Amino acid sequence: MTDSLYIAWKYIRFNRVKTVTLVACITLITFLPVALELLLNESEKQLMSRAVSTPLVLGAKGSALDLVMNTLYFDDEVPELITMQASNRVMDSELALPIPLYVRFQARGNPIVGTTLDYFDFRGMRIAQGRQLAVLGDCVLGARVAESLALKPGDSLVSSPETLFDLAGIYPLKMKVVGVLAKSHTSDDLAVFVDLKTAWVIQGLGHGHEDVTKLKDPTLVLKRTERNVAATAKLYQHTEITEKNIDAFHFHGDLSQYPLTAVLAVPQNQKSGTILRGRYLTKEETRQIVRPADVIDGLLQNIFRIKNVLDAVISVVALATILAIILVFALSLRLRQREIQTIFRLGCRRATIARLLSAEIFIIVIMSGVFCGALIWLVNQFSDDLVRMLFIR
Amino acid sequence: MQVNWFSLHDNNRRFFFIFCVVVTVAHMVSVSWAGSNSAGKLTVYVVNYPLQYFAERMGGGHVNVVFPAPTDVDPAYWMPDMPTIAAYQQADLILLNGAGYARWVNKATLPRFRMVNTSAGFKDQYIESAEIFTHSHGSEGKHAHEALAFTTWIDFNLAAGQAKAIAEALGRKRPELKDTFQKNYQKLEQDLLKLDRNLKTLISKDPSRPLVVSHPVYDYFARRYGLNIKSLHWEPDQIPTNEQMMELNRILKEHPAKWMIWEGKPMKETVERLLSIGVNSLVFNPCGNTPDQGDFLSVMRQNVENLKLAFKKD
């Protein structure tokens, strides 16, 4: 048997191109469905675990999927905005505890999540380095953001403008990195967390400038009445919040009208959750309340429907490839007819020749198996990251 | 005496074993009971002294109320440092006054679930202060909302409302002590409403009597008890300038007040300057920060006594 394997190995080495092609075909045909299965299982696990741990999401009526993807996975697609009043309404109902979220802005390609401290408690997030958010302008980084941007407590991070050509828009805010979160292996690792009010400052709804009542430059004052001074756009606004200027920061208008992308509602119990959901069922209601698990389940159903189609395509391709491989072997046998005749005349039995050919096939299959195993191991090892890169973010 | 285990009789040995088990279990129970009791004490952080007083009166030994502002600052304009904000974040309950009081709250990150706006129940009764200057941006810009009067607790009826909100918040945190908090609230409410009645009786003698106040912090007080006041911007520890005296004289022409109400004891020179134009001084301390002597109730009782001077028959 060893002799047969030795001769087969020599033959395979001599016909490298043919061998590589055959190994690649068999490897890919085996690897593709297994890898797809692995990735889909991982994505299902990731999507569902976060969705299941989030009881209810309140947002504007519209695409429930956009709302859930933005709220749970901080997707770029920003849903229709709601106001802080929506959060207050949940609070006043005493049926659930609301966690407001404003996921609209980015900092160096990472989503900025404006929320309250309750979000950290709800998700069980822990500060690994530095401290928790304390004042306006502070930010806490997800573990992978800190790694990829090489930032640590004490550094700063600037928010990105919403559009590149927004010349007349809001100045970016230089935020102070005060802490880095422990790795959670969820979307939270890829986000920059700020206080909700800091997110509003990034939008320009809150800002800091010198005391307008003491302005001496007349070009900075548009109108002065007995109780109010209207400032012009020339008035310089701070782009960083420091201990010295934090007192100058303020908000205009009614805070309950300030924007949010969603509210996580954590009901007291199942009954409270059901009652709360019932309150958003009327036609006149401009908001919707969804169970993320239902929305993600719907998404997964679609993914699995697509997966069935893919499986069918892969099966057909696999069949065609196997037929092609058989053809390659058959043609190869024809081409090697003279060589086989020579072996036969040298005194080898038919069984020995069959064993030689089987050894070749065996080596090719084993090599494909090894490559396929290695690739599957790699996918399995990095499935977490691959799923985030390919499916979630 | 040394106990020799092997020399004990079987019955004695059994008794000794049971005794040891009972003592160990009793010790463990007492330790865990003591542990749960100390863990059960609520840590409550507040933003001003009246809230501290209310929470302590109602919470008694079940709460540990902390008001970390230094005694020499006005808590309404105080900004806590990072360790203090971190301590607020760790509290079981954070009691806010509302009505824009303690502006730092809007600049700090605090756990919303643990924050209680004690004046939320009477939001519709907030007063927009006519004395505070606002600003806007551009011709259509919204005003910065900093113009609410916030000394709500010197309307003792509103103070009782704030106390009620605290009792309810404590009850939500410790449902098993809800009745205790309610009983304590009722006692506090009686005290506050007694002050309310006393003030009403006193002021009803002559509600139209003109008064001036040194600072615009008496809006709720004036509204509740129907006082006829005009506000200035004077500090008790500063002698009024000539411009300020001229402003007062202008006011006195249309509003002939004989008494000025101060937040704190004014300087002797100020009192004399005011006396020279026929204006007496009295102190009605809003007690936003911890008083040097006494407590909230005793300070307020003294305030009522002080105010009696202004309503004496001429």
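What counts and what doesn't
Residues numbered from 1 in each chain as written. Chains lettered and ligands numbered in written order. Predicted model: local features only at pLDDT ≥ 70, side-chain atom pairs only at ≥ 80, totals over all residues. Helix = DSSP H or I, 4+ residues; strand = E, 2+ residues; numbered from the N terminus. Buried ≥ 20, exposed ≤ 12 C-beta atoms within 10 Å, placed from the backbone. Contact = placed C-beta atoms within 7 Å. Pairing = 2+ DSSP bridges. Axes fitted to C-alpha atoms, helices over the stretch in contact; angles between N-to-C directions. Domains from an automatic or database assignment. Core = buried A, V, L, I, M, F, W, Y, C linked by C-beta atoms within 7 Å. Parallel < 35°, antiparallel > 145°, perpendicular 65-115°, else oblique. Nonpolar A, V, L, I, M, F, W, Y, C, P; charged D, E, K, R; others polar. Right-handed = clockwise from strand over helix to strand, strands pointing away. Left-handed = near helix turned anticlockwise from the far one by under 90°. pLDDT = per-residue confidence, 0-100.

S.K.: Which parts of the structure should I look at to understand the overall build of chain B?
M.R.: Scanning chain B from N- to C-terminus turns up 9 helices and 9 strands. Looking at chain B residue by residue over its 314 residues, the buried ones come to 36%. Of the contacts formed within chain B by residues at least 6 apart in sequence, a portion of 57% connects residues at least 24 apart.

S.K.: Help me understand the overall build of chain A, please; the structure alone is not making it clear to me.
M.R.: Within chain A, the secondary structure is distributed over 11 helices and 16 strands. For chain A, the C-alpha atoms occupy an extent of roughly 115 × 50 × 35 Å along the three principal directions. A fraction of 76% describes how many contacts in chain A between residues 6 or more apart in sequence connect residues 24 or more apart.

S.K.: Just to check I follow, could you spell out the sheet that holds strand 1 (residues 42–46) of chain B for this structure?
M.R.: Picture the strands of a sheet paired through backbone hydrogen bonds; they go either parallel or antiparallel. All names here are of chain B. Strand order in this open sheet of 4 strands is 2-1-3-4, and the pairing throughout is parallel. Of all the strands in the sheet, the pair left with one neighbour each is strand 2 (63–66) and strand 4 (115–117). Ignoring which end each strand starts from, the neighbouring axes of this sheet average 25° apart.

S.K.: Explain the sheet that holds strand 8 (residues 259–262) of chain B here, please?
M.R.: Residues and elements named next belong to chain B. If you trace the 4 strands from one edge of the open sheet to the other, you get 7-6-8-9, paired in parallel fashion. With one partner strand each, in any of the chains shown, strand 7 (228–231) and strand 9 (280–283) form the two edges of the open sheet. For this sheet, the mean angle separating the axes of adjacent strands, direction not counted, is 30°.

S.K.: Can you help me understand the domain arrangement of chain B in this one?
M.R.: By convention, interface size is frequently given as the accessible area that disappears when the constituent parts associate. Residues and elements named next belong to chain B. Splitting chain B by domain gives domain 1 (42–127 + 148–196) and domain 2 (201–310). Summarising the inter-unit geometry, the C-alpha centres of domain 1 and domain 2 are found 26 Å apart. Contact with domain 1, which involves 20 residues of that partner, is made by 17 residues of domain 2. Secondary structure elements with two or more residues in the side of domain 1 that touches domain 2: helix 2 (49–59), helix 4 (156–173) and helix 5 (178–204).

S.K.: Sorry if this is basic, but what is going on with the environment of Tyr-6 of chain A here?
M.R.: Residues and elements named next belong to chain A. Here Tyr-6 shows up in helix 1 (residues 2–14). Under the C-beta neighbour-count criterion, Tyr-6 is labelled exposed, with 11 such atoms within 10 Å. Each C-alpha atom, one on Tyr-6 and one on Val-313, is 38 Å from the other, the two residues being 307 residues apart in sequence.

S.K.: When you look at the environment of Pro-172 of chain A in this model, what are you seeing that I'm missing?
M.R.: Residue and element names in this part refer to chain A. Turning to its location among the elements, Pro-172 is positioned in the loop between strand 7 (156–158) and strand 8 (174–181). Distance from Pro-172 to Gln-203, taken between C-alpha atoms, is 8.8 Å for residues 31 residues apart in sequence. Aside from chain neighbours lying at most four places away, what touches Pro-172 is Val-158, Ser-159, Ser-160, Pro-161 and Thr-239.

S.K.: Would you mind going over the nonpolar core with me for this structure?
M.R.: In summary, soluble globular proteins display a tendency toward joint burial of nonpolar side chains. Of all hydrophobic cores here, the largest spans 141 residues; its most connected members are Val-192 of chain A together with Leu-95 and Ile-166 of chain B. Setting aside residues up to four positions removed in sequence, Ile-166 of chain B forms contacts with Leu-51, Phe-54, Ala-55, Met-58, Leu-95 and Thr-118 of chain B. Counting residues in hydrophobic clusters, the runner-up holds 5 residues, among them Leu-22, Ile-26, Ile-29 and Ile-364 of chain A.

S.K.: What is the right way to read the packing of helix 2 (residues 16–52) of chain A against helix 9 (residues 292–335) of chain A from this model?
M.R.: A pair of packed helices is captured by two measures, namely the crossing angle of their axes and the spacing between those axes. Residue and element names in this part refer to chain A. Running from N to C, helix 2 and helix 9 cross one another at 175°; their axes reach a closest spacing of 10 Å. Classified by the interaxial angle, the pair formed by helix 2 and helix 9 is roughly antiparallel. Each residue belonging to the contact of helix 2 with helix 9 can be placed in one class, and the counts come to 21 nonpolar, 1 polar and 3 charged.

S.K.: In this structure, what is going on with the pairing of strand 9 of chain B? I would like to understand it.
M.R.: A regular strand places its side chains so that they alternate between the two faces of the sheet. All names here are of chain B. Both strand 8 and strand 9 contribute to a ladder of 4 bridges, which runs parallel. Directly across from Met-260, in strand 9, lies its bridge partner Ser-281. As a crossover connection, the stretch from strand 8 through helix 8 (residues 268–276) into strand 9 is right-handed.

S.K.: Explain unusual backbone geometry to me, please; I cannot follow it from the model alone.
M.R.: Backbone phi values are negative for most residues with the exception of glycine, while trans is the configuration of most peptide bonds. Residue and element names in this part refer to chain A. You will see that Glu-94, though not glycine, has its phi angle at about 60°, which is positive. Residue placement: Glu-94 occurs in the loop between helix 4 (84–93) and strand 3 (96–107). One non-glycine residue, Arg-108, lies in the positive phi region at around 50°. Looking at where Arg-108 falls in the secondary structure, it is placed in the loop between strand 3 and strand 4 (110–115).

S.K.: What am I meant to see in the pairing of strand 6 (residues 138–141) of chain A here?
M.R.: Residues and elements named next belong to chain A. Taking every second residue as pointing to the same face, both faces of strand 6 are buried, with Asp-138 and Val-140 on one and Cys-139 and Leu-141 on the other. Here strand 6 runs beside strand 8; their pairing, made up of 4 bridges, is parallel. Along strand 8, the bridge assignment pairs Val-140 with Gly-179. Relative to strand 9 (residues 192–195), strand 6 runs antiparallel, the two sharing 3 bridges. Directly across from Cys-139, in strand 9, lies its bridge partner Val-194.

S.K.: Would you mind showing me how to read the packing of helix 3 (residues 64–73) of chain A against helix 9 of chain A here?
M.R.: Residues and elements named next belong to chain A. Two elements in contact, helix 3 and helix 9, have axes whose closest approach is 10 Å; the angle formed by their N-to-C orientations is 110°. Our classification of the angle between helix 3 and helix 9 gives roughly perpendicular. Where helix 3 crosses over helix 9, the two elements pack in a sense that is left-handed. Of the residues in helix 9, those touching helix 3 at Ala-64, Leu-65, Val-68 and Leu-72 are Pro-292, Val-295, Ile-296 and Leu-299. Class assignment for the residues of the contact of helix 3 with helix 9 results in 8 nonpolar, no polar and no charged.

S.K.: It is not clear to me how the environment of Ile-29 of chain A should be interpreted in this structure. Could you clarify?
M.R.: Residue and element names in this part refer to chain A. Mapped onto the fold, Ile-29 is located in helix 2. Spatially, the C-alpha atom of Ile-29 lies 41 Å from that of Ala-107, the residues being 78 residues apart in sequence. Leaving out residues up to four positions away in the same chain, Ile-29 has contacts with Ala-318 and Thr-321.

S.K.: Please clarify how the confidence of the model for chain B should be interpreted in this entry.
M.R.: Reading fine detail from the predicted coordinates is not recommended where pLDDT is low. When pLDDT is averaged along chain B, the result is 85, and 82% of the positions lie at 70 or above. ipTM for the predicted complex: 0.74, alongside a pTM of 0.77.

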